[in-house]
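# Coordinate inspection notes
One-letter residues, chain by chain:
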Amino acid sequence: MKHRVALNLFKPIESGLLKNQREDLEAAKGLLEYVLNSVDGKKDVKKYAIIGVPSQASVLNKKIITEIAGDFFDGIMVASEPFCVAYNLGELEHSMVVE
């Protein structure tokens, strides 16, 4: 970051949504790969992911996220963030989660 002027910076996520441009998608994939490689884990174990997305994420955006994550996981589920919050709190019934 010392020579930031000489760098091409990509911000693949804007307003909580993934941008649909080649450079941004490659940056998002690289970030996911970096994070997964930094976690110690067994190499021969199947990996599954539940990925939270904003409730206003488009079908295309969810598809792109699934395709990117598909290279790293054996199974993927995309869920809205309000659902993820309610699930974590154990409040799926008789509750209203406002995003």
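To keep things clear, this report deals only with the structure shown in the data block. (Residues numbered from 1 in each chain as written. Predicted model: local features only at pLDDT ≥ 70, side-chain atom pairs only at ≥ 80, totals over all residues. Heavy atoms only, no water.)

## Brief notes about the packing of helix α1 (residues 22-38) against helix α2 (residues 59-70)
- At a closest axis distance of 10 Å, the pairing of α1 and α2 adopts a crossing angle of 45°. If you check the angle between α1 and α2, you find them oblique. In terms of crossing hand, the pair formed by α1 and α2 is right-handed. Taking contact as the criterion, the partners of Leu25, Ala28, Lys29 and Leu32 in α1 are, on α2, Ile64, Ile68 and Ala69.
- A class-by-class count of the residues in the contact of α1 with α2 yields 6 nonpolar, no polar and 1 charged. (Axes fitted to C-alpha atoms, helices over the stretch in contact; angles between N-to-C directions. Helix = DSSP H or I, 4+ residues; strand = E, 2+ residues; numbered from the N terminus. Parallel < 35°, antiparallel > 145°, perpendicular 65-115°, else oblique. Left-handed = near helix turned anticlockwise from the far one by under 90°. Contact = heavy atoms within 4.5 Å. Nonpolar A, V, L, I, M, F, W, Y, C, P; charged D, E, K, R; others polar.)

## Examining the packing of aromatic side chains
- Going through the model one piece at a time under the given rule, you end up with 1 aromatic pair.
- Judged by centre distance (6.1 Å) and plane angle (25°), the rings of Phe83 and Tyr87 are stacked. Within this pair, Phe83 and its partner Tyr87 are both found in helix α3 (residues 81-89), separated by 4 residues, close to a single helical turn.
- Since its relative accessible area comes to 57%, Tyr87 is described here as exposed. (Phe/Tyr/Trp six-rings, centres within 6.5 Å; stacked < 30°, edge-to-face > 60°. Buried < 20%, exposed > 50% of the residue type's maximum accessible area, 1.4 Å probe, protein only.)

## Description of the environment of Ile68
- Looking at the secondary structure, you find Ile68 in helix α2.
- The buried category is assigned to Ile68, whose relative accessible area is 12%.
- Once the C-alpha coordinates of Ile68 and Leu25 are considered, the two residues, 43 residues apart in sequence, prove to be 7.9 Å apart.

## Some thoughts on α2
- Spanning 12 residues, α2 covers 16 Å between terminal C-alpha atoms, matching the ideal 16 Å at 1.5 Å per step.
- For α2, the complete set of buried residues consists of Asn61, Ile64, Ile65, Ile68 and Ala69. With its buried residues spanning 125° around the axis, α2 presents them on a single face. (Expected span 1.5 Å × (residues − 1). Arc of directions from axis to C-beta.)

## A word on the pairing of strand β3 (residues 48-53)
- As paired strands, β3 and strand β4 (residues 75-80) are joined by 6 bridges and run parallel to one another. Within β4, the residue paired with Gly52 across the bridge is Ala79.
- Following the backbone out of β3, through α2 and into the adjacent parallel β4, one traces a crossover that is right-handed. (Pairing = 2+ DSSP bridges. Right-handed = clockwise from strand over helix to strand, strands pointing away.)

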